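Take a look at the letters that make up each chain.
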Number of protein chains: 2
Amino acid sequence: MTELVLPEDVAVVNVGLSLFTDAIRDQDRPVATVDWRIPAGGDLEAVAALKRLYGSRGEAIDEANAEVVRRLDEGVPLLVGLEPASRVVPDLGERTILHCGPAIAWDEMCDPLRRSVQAAVVAEGWAAAPADAGALVARGEVLLEPANSHMTVIPMASAVGPSAWVWVVECREAGTRAFSAINQGPGEVAWFGRDTPAAIERLVFLAEVAGPLLAEALRGAGPIDVFGLAAQGIQMGDDVHMRTQATTNILWRHLLPHLVALEDPRRVDLAAFLASNHLFFLNLAMAGARSLTEWAAQVRGSSVVWGMARNGTTFGVRLPGDDEWHLAPSPPVTHALYYSGEGPETSAPDIGDSALLELVGLGGPAGAASPAVASFVGGTMADAVRLTEDMDRICAGRSTRFKLALLDFRGTPIGVDVRRVVETGITPRINTGILHASAGTGQVGAGVAVAPLECFQQALLALDRRLA
Amino acid sequence: MTELVLPEDVAVVNVGLSLFTDAIRDQDRPVATVDWRIPAGGDLEAVAALKRLYGSRGEAIDEANAEVVRRLDEGVPLLVGLEPASRVVPDLGERTILHCGPAIAWDEMCDPLRRSVQAAVVAEGWAAAPADAGALVARGEVLLEPANSHMTVIPMASAVGPSAWVWVVECREAGTRAFSAINQGPGEVAWFGRDTPAAIERLVFLAEVAGPLLAEALRGAGPIDVFGLAAQGIQMGDDVHMRTQATTNILWRHLLPHLVALEDPRRVDLAAFLASNHLFFLNLAMAGARSLTEWAAQVRGSSVVWGMARNGTTFGVRLPGDDEWHLAPSPPVTHALYYSGEGPETSAPDIGDSALLELVGLGGPAGAASPAVASFVGGTMADAVRLTEDMDRICAGRSTRFKLALLDFRGTPIGVDVRRVVETGITPRINTGILHASAGTGQVGAGVAVAPLECFQQALLALDRRLA
């Protein structure tokens, strides 16, 4: 661009495009920036909808949003049990595999999710090997359904059959009940898109050893306040999405006497698995979040997103009172750190149900809590704070439960308001892992995904039509 | 004071006393402060010593200090075992109780330490009740010796007999070996100055159940890099002195498979004790620090403190090559939060060997790592950062192991230089608990103790004499 040349003593207030600011700053002149952009990128239909949704309908929407925020903030998800999915997950057919993300046909699934489905089918005993499993599914002899429709949320490329054990989390004041599978751990595992013998073996271990023994330990411990543990974890460097290590450790300390009290000699195998799994709490946090988003989904006339999920092909969001998920292509994961030899070209798009954490004040909104997250977004805590502040600009409230020490203990942003997203063009930032696009070799890195704007725009327009 | 009245457009550079700054700032005038004070408070003897120790002898001292810092920073304390003190602690007589802090006679001990000694004597089986134990000690039939002289460091009002099990920590490159007792946990416990039946029972439990079983679990796990765990804890909100919860949890996760593998049914009692003890790692960190300070103490001609300990009556510091501890009255703990109904008037002075942590980059120097510490020193992370920055002004180096996310991952200050302490008047800030002064009711709060300047002045003058 043409260089701006300034007189000696000018001071500048810049409104809008930062290119100008940068040019002025390059010349060591003082400059104040007002970050103003054309709302909704100038999209006339969106601008008209925003005018109505902030204007004549604004007050009613704000009221509904306050109730959604209250439910997401004050609901207490209690971990009450661990059971086989077949026993507790509602409306789960006999030959059904639940998958992450919005509904999707077998032939549209990305490679990691197909492999994970195949591993689950073999672990169920419906096929002898992954290739047979794939053929079975392709012939329609195994039903594929989104876990989310069954009050179940599962991270990354997870797929869950009826014999998998699932955490049972209740929000009693809401009367809701949500489920998540046992986290499969790092390494050669199906939720990272692997269908090797070891990955299938892990699923069998979870169903036959970890499930029953953890259930027994949990019965001894009694109900656990899932978000109470997460709130402690936030003070200990977790964002409780990309990093759950502190919260996982708190869970082990809590369960320690009950794990030690198990008589079954396989308790030693279980303990070895648990001690090597720093991601364990992720699935519990997700089930906790789902028990709250279901409560939030019952509020009428709100512009706050209750559902956000990805299957590696599509990314979907959903508003209270809306009958459908609004979809866009699943985005790549950016701000990423890759394992050696990996990069964007070997990476599958953003995947998993875990993005719902970003709706309840965990993950991206809790960036400012986490030195580990900082390393993905620029290296300093200031970079991690920016993640929180971006979410603050599009959220309707702040958590009274998840507190950010670095920001004078103010709460993490909660309740993504689709109006603010479309107005500012800022979409949720999601802290997440990255899987290999095609080779079935599992995790290749981790980073931050920026949700696609398009599905939020569709959700906004649908809300505008519903309220008309 | 007389009010300063300023003309409209004055800008001020203030050198020295902040009273002037405050007055100027009160009038909304810009002011830059240069925090200059008369070195050593104008003490002529100290100023003359400083002149020599910074001047003609400065270069040699700086070189020695660099070696001390290297040893404190690079030494790797390895936890290698857990054994009865009688079996491993050097030169431990049969009828001896080791106590925290500098050497002190029975009749000069503060109430919490006397009670703790009594509890230890009863736990050893040398007396039937605390009063009998006190009489026995008063008659000289039990020897009292400072733990520090036996390469042992014990927190708060701890007292240790030969039957107590102690952690064995080695720094192999140094050829040093240090010891600490098993942490007694919160509540009704001897190290908090209690001599009740429950407190004595806890000591017996540690010697008969926790010691042998933890030793077995540790043998399964193999040597543990104590400061490697502490470095992780620093990223998780621990200062690893006042708060050790994250590091303790990491230790449990590490030991989990080995605790679960124990066959002895008393493993359930052990696990219940461990799960309720968030202070557990404190003693391990201390033994790790002691294995390094012993290495540092072997450097000649350094002005960096290697020993800092309190017995509730006196506070002592010690320099490499010096034959004695330099003593001052133990200070009160300030910046404190008290339990309901307690306050400065019911509080014993600062006590315990744990202050050595502040010499190796933990505790006060790691304030900026810990939201929990922030709550004691003003409420915000900026207050906690100030703790770190005060230590930075009196330390000779920075840790390459303990990193502060909030300060762009720079290391915590290590190596307290007695020259800088005397020059600035800033003494180490020690994050610590507070015990009841007389009632034997245990902990009454926690806070930050400011070490007394007097003993650092004495140590400086002694160094000046030694180098003459």
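Above: the structure in question.
Residues numbered from 1 in each chain as written. Chains lettered and ligands numbered in written order. Predicted model: local features only at pLDDT ≥ 70, side-chain atom pairs only at ≥ 80, totals over all residues.

Participant: How should I be thinking about the overall build of chain A in this particular structure?
Facilitator: If you tally the helices and strands in chain A, you get 15 helices and 18 strands. The dimensions of chain A, computed from C-alpha atoms along their principal axes, are 80 × 50 × 40 Å. For chain A, with 468 residues in total, the buried portion stands at 58%. Here the contacts in chain A between residues at least 6 apart in sequence split such that 70% fall between residues at least 24 apart. (Helix = DSSP H or I, 4+ residues; strand = E, 2+ residues; numbered from the N terminus. Buried ≥ 20, exposed ≤ 12 C-beta atoms within 10 Å, placed from the backbone. Contact = placed C-beta atoms within 7 Å.)

Participant: What is the right way to read the packing of helix α10 (residues 267–275) of chain A against helix α9 (residues 245–260) of chain B from this model?
Facilitator: Packed helix pairs are specified by the crossing angle of their axes together with the interaxial distance, meaning the distance between the axes. Where α10 of chain A meets α9 of chain B, the axes come as close as 8 Å, and the angle between the chain directions of the two elements is 175 degrees. As the angle between them shows, α10 of chain A and α9 of chain B are arranged roughly antiparallel. Contacts between α10 of chain A and α9 of chain B involve Arg267, Val268, Ala271, Ala272, Leu274 and Ala275 of chain A from the first element and Arg253, His254, Leu256, Pro257 and Val260 of chain B from the second. For the contact of α10 of chain A with α9 of chain B, the per-class residue count stands at eight nonpolar, one polar and two charged. (Axes fitted to C-alpha atoms, helices over the stretch in contact; angles between N-to-C directions. Parallel < 35°, antiparallel > 145°, perpendicular 65-115°, else oblique. Nonpolar A, V, L, I, M, F, W, Y, C, P; charged D, E, K, R; others polar.)

Participant: In this structure, what is going on with the relation of the copies chain A and chain B? I would like to understand it.
Facilitator: The second copy of the chain is related to the first by a rotation about an axis and a shift along the axis. For the pair chain A and chain B, the superposition axis carries a translation of 0.0 Å, the fit reaches an RMSD of 0.0 Å, and the rotation angle comes to 180 degrees. Both chain copies can therefore be described as sitting about a two-fold axis. In terms of proximity to the rotation axis, the leading residue of chain A is Met236 of chain A, whose C-alpha is 2.0 Å off the axis. Mapped onto chain B, 100% of the interface residues of chain A again fall at the interface, so both copies present the same surface. (Least-squares fit on C-alpha atoms with pLDDT ≥ 70 in both.)

Participant: I would appreciate a short explanation of the environment of Phe192 of chain B in the present structure.
Facilitator: Residues and elements named next belong to chain B. Mapped onto the elements, Phe192 comes out in the loop between β8 (176–181) and α7 (197–221). Judged by the 27 C-beta atoms lying within 10 Å of it, Phe192 falls in the buried class. In sequence terms Phe192 and Gly440 are 248 residues apart; their C-alpha atoms lie 8.3 Å from each other. In contact with Phe192, not counting residues within four places along its chain, are Met156, Ala157, Leu435, Gly442 and Gln443.

Participant: What's the story with the nonpolar core in this structure? I'm lost.
Facilitator: Proteins that are soluble and globular tend to have nonpolar side chains buried together. Counting 323 residues, the largest nonpolar core has Ala285 of chain A together with Ala285 of chain B as its most contacted members. Ala285 of chain B has contacts with Val226, Ala230, Val240, Thr244, Leu357 and Leu362 of chain B, leaving out every residue within four places of it along the chain. (Core = buried A, V, L, I, M, F, W, Y, C linked by C-beta atoms within 7 Å.)

Participant: Before we go on, may I ask you to explain the interface of chain A and chain B in this structure?
Facilitator: Listed by partner, the interface residues are 27 residues for chain A and 27 residues for chain B. Partitioned by chemical class, the residues of the side of chain A that touches chain B number 19 nonpolar, five polar and three charged.

Participant: Is there a simple way to think about the sheet that holds strand β4 (residues 96–99) of chain B in this case?
Facilitator: Judged by pairing direction, the sheet is mixed, and its three strands sit side by side in the order β5-β4-β6 (chain B) without closing on themselves. The strands lining the two open edges of the sheet, one partner per strand, are β5 (143–146) and β6 (159–160) of chain B. (Pairing = 2+ DSSP bridges.)

Participant: Looking at this structure, how should I read the packing of helix α8 (residues 226–234) of chain A against helix α9 (residues 245–260) of chain A?
Facilitator: Residue and element names in this part refer to chain A. Two elements in contact, α8 and α9, have axes whose closest approach is 8 Å; the angle formed by their N-to-C orientations is 130 degrees. One element, α8, and the other, α9, form an angle in the oblique class. With respect to the hand of their crossing, α8 and α9 are arranged in right-handed fashion. Two secondary-structure elements touch here, α8 through Leu229, Ala230, Gln232 and Gly233 and α9 through Ala246, Thr247, Ile250 and Leu251. In terms of residue class, the contact of α8 with α9 is made up of five nonpolar, three polar and no charged. (Left-handed = near helix turned anticlockwise from the far one by under 90°.)

Participant: What's the story with helix α7 (residues 197–221) of chain A in this structure? I'm lost.
Facilitator: Think of an α-helix as turning once every 3.6 residues; residues three or four places apart then point the same way. Residue and element names in this part refer to chain A. Relative to the 36 Å expected for 25 residues at 1.5 Å per residue, α7 spans 34 Å between its end C-alpha atoms, a close match to the ideal helical length. For α7, the elements touching its buried residues are β3 (77–84), α5 (111–124), β7 (165–171), α9 and α10. Looking one or two residues past α7, Gly222 carries a phi angle of roughly 85 degrees, positive in sign. (Expected span 1.5 Å × (residues − 1).)

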